[in-house]
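# Structural overview for review
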Amino acid sequence: MMTSENLWTYRSGVSETDQGLSVIGFDVEATDGKIGTVDEESNVVGDSYIVVDTGFWIFGKKVVLPAGTVTQIDPQARKVHVARTKEEIKEAPEFDESTYREPGYREEIGGYYGRYPLS
């Protein structure tokens, strides 16, 4: 199980490149296929995440994925791989442009993704 502390931190070895790499615009791959592209990112220590624009897959929806769900960043292929299925991501708490940076929403996201094993 993920803890809420490590959920918002990238796993060690996720990206072998320098920490200044931006993943905005990278494709995001769930365990069962592409879910969208990175629209925004935060690399704040202990509060890192990506915001994924899912485009038409979940009509007009964006999702927040905590850094702990990221298993690999491939700068050459411009892909971010996450350890969640499309269905798990689709069922995540609703993204709200006005509140997604607030602690309450983070706790809700953390509680949701924290239920899944860190694999």
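Our subject is the structure that appears above.
Residues numbered from 1 in each chain as written. Predicted model: local features only at pLDDT ≥ 70, side-chain atom pairs only at ≥ 80, totals over all residues. Heavy atoms only, no water.

## Quick notes on the pairing of strand β5 (residues 70–74)
Pairing of β5 with strand β6 (residues 79–82) involves four bridges; the strand directions are antiparallel. Note that in β6 the partner of Val70 across the bridge is Val82. (Pairing = 2+ DSSP bridges. Helix = DSSP H or I, 4+ residues; strand = E, 2+ residues; numbered from the N terminus.)

## Examining the side chain of Glu88
Relative to the assigned elements, Glu88 resides in helix α2 (residues 86–90). At 3.0 Å, the side chain of Glu88 and the backbone nitrogen of Thr85 are in polar contact. Aside from chain neighbours lying at most four places away, what touches Glu88 is Ala83, Tyr112, Tyr113 and Tyr116. (Polar contact = N/O pair within 3.5 Å; in protein donor to acceptor, adjacent residues only side chain to side chain. Contact = heavy atoms within 4.5 Å.)

## What to know about the packing of aromatic side chains
Applying the stated criterion to the full structure yields three aromatic pairs. On the numbers, 4.8 Å between centres and 35° between planes, the contact of Phe95 with Tyr100 is tilted. Comparing Phe95 with Tyr100 shows no difference in burial state: the two are buried. For the pair Tyr112 and Tyr113, a centre-to-centre distance of 5.0 Å together with 80° between the ring planes defines the contact as edge-to-face. Summarising the burial analysis for this pair, Tyr112 and Tyr113 share the class buried. (Phe/Tyr/Trp six-rings, centres within 6.5 Å; stacked < 30°, edge-to-face > 60°. Buried < 20%, exposed > 50% of the residue type's maximum accessible area, 1.4 Å probe, protein only.)

## Some words on the sheet that holds strand β3 (residues 47–53)
Sheets are built from strands paired through backbone hydrogen bonds, the pairs being either parallel or antiparallel. In space, the six strands of this open sheet follow the order β4-β3-β2-β1-β6-β5, with mixed pairing throughout. Each edge of the sheet is formed by a strand with only one pairing partner; in this case those strands are β4 (62–66) and β5. Shown here is a sheet whose adjacent strand axes are inclined to one another by a mean of 35°, direction ignored. Two elements, β3 and β4, share five bridges in a ladder whose sense is antiparallel. In the strand pairing of β4, Ile50 is matched with Leu65. Seen against the sheet, helix α3 (residues 103–113) touches β3 and β4 and runs at an angle of roughly 70° to β4. (Axes fitted to C-alpha atoms, helices over the stretch in contact; angles between N-to-C directions.)

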